[in-house]
Amino acid sequence: SGGAAVSNLKTEPESSIENEIGSPAGLLKKRISRRGDNESDVDQEAEEAAAAASLIFDSAQKESSQFDSASRQKLAEAIDGITSALEEGREVRGGIVYSSSDYWTNPASNYVIVLRLFQNILLHKSSRFLLDPCSLHQHIQRSMKSYYTLIKNPLFFRDIVVAIFHQTGHLPCDKLKRWNVFEGKYLIQAVDLVFLNTLAFIGKEPTPTRREIQQLRSSFWKGIRDVGCRDKSDIPPRRTENSEFLIYKKK
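A quick note: this is a predicted structure, and the numbers were derived from the prediction, not measured.

1. Notes on the packing of helix H8 (residues 157–165) against helix H9 (residues 184–202)
Now for step 1: Relative to each other, H8 and H9 sit at 155°, their axes nearing to 9 Å. With respect to their mutual orientation, H8 and H9 come out roughly antiparallel. Contact residues: H8 offers Phe-157, Ile-160 and Ile-164, while H9 offers Leu-187, Ala-190, Val-191, Val-194 and Phe-195.
Now for step 2: Split by residue class, the contact of H8 with H9 holds 8 nonpolar, no polar and no charged.

Structure representation (structure tokens):
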């Protein structure tokens, strides 16, 4: 049942807000400098995509300033408002859901399961790495320039919350235009993409940070599997962190 799926994901909500994460606008406005002419076409494509991603993210943040410094608790509360409305029978996702045959979109109760799983993930302490570029940089202490030159579809949990809360469903990634997160299958993939992007960025070394993120991702997918889909084709693809969908690969 939906309740069982949600309860399987352990959460560690805090009694007080420990870290208010500032706006990532400063990081995103930094220009991505060009490399030398002897670099590969893949490197150039990654640089151009990084610059474009910065503009997209900057625009999205300006439209959603109320979430710029929101803690993970506040982000979870924003999701709770949408979830509660759906549980009360109020369809707040727009017309796209009526034409969708996706298992995780209709009925709304299936979509609510995914929302509750996402909400619990936001409340978990390990999500502190995954909120936005600033929170990742704060905990990883690596240049975010390398993130944007490696990752094809930059995405963080704050972006997903903004898309849901403002009832657009659209993510601030040009290459993910068809991913409307009011469709459950795309919400699942979006949440997983945040995990994978971060894992790919921090590398394969078995650090405590990597283990935390892997464990949280495993809990998320366990919650999805525990719903008990009759048709395995209803389970969205579970990608790997070296997928060509995720990262730019040097030729």
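There is more to say after this.
2. Re unusual backbone geometry
Now for step 1: Look at the link from Asn-106 to Pro-107: it is a cis peptide, with omega at 0°.
Now for step 2: Following the sequence through the fold, Pro-107 ends up in the loop between helix H4 (72–87) and helix H5 (108–123).
Now for step 3: Of note in this structure, Gln-167 is not a glycine but carries a positive phi near 60°.

3. Looking at the pattern of salt bridges
Now for step 1: Throughout the structure, instances matching the rule amount to 11 salt bridges.
Now for step 2: As a salt-bridge pair, Glu-88 and Arg-90 come within 2.8 Å of each other at their nearest N and O atoms.
Now for step 3: Owing to a relative accessible area of 56%, Glu-88 belongs among the exposed residues under this scheme.
Now for step 4: Asp-132 is the partner of Arg-158 in a salt bridge, and the nearest nitrogen-oxygen pair spans 2.6 Å. Separated by 26 residues along the polypeptide, Arg-158 in helix H8 and Asp-132 in the loop between H5 and helix H6 (133–140) bring together distant segments of the chain.
Now for step 5: For Arg-158, a relative accessible area of 1% corresponds to the buried category.
Now for step 6: Linked through salt bridges whose partners overlap, the residues forming this network are Asp-80, Glu-87 and Arg-116.

Scoring rules and cut-offs
Residues numbered from 1 in each chain as written. Predicted model: local features only at pLDDT ≥ 70, side-chain atom pairs only at ≥ 80, totals over all residues. Heavy atoms only, no water. Axes fitted to C-alpha atoms, helices over the stretch in contact; angles between N-to-C directions. Helix = DSSP H or I, 4+ residues; strand = E, 2+ residues; numbered from the N terminus. Parallel < 35°, antiparallel > 145°, perpendicular 65-115°, else oblique. Contact = heavy atoms within 4.5 Å. Nonpolar A, V, L, I, M, F, W, Y, C, P; charged D, E, K, R; others polar. Salt bridge = Lys/Arg side-chain N within 4 Å of Asp/Glu carboxyl O. Buried < 20%, exposed > 50% of the residue type's maximum accessible area, 1.4 Å probe, protein only.

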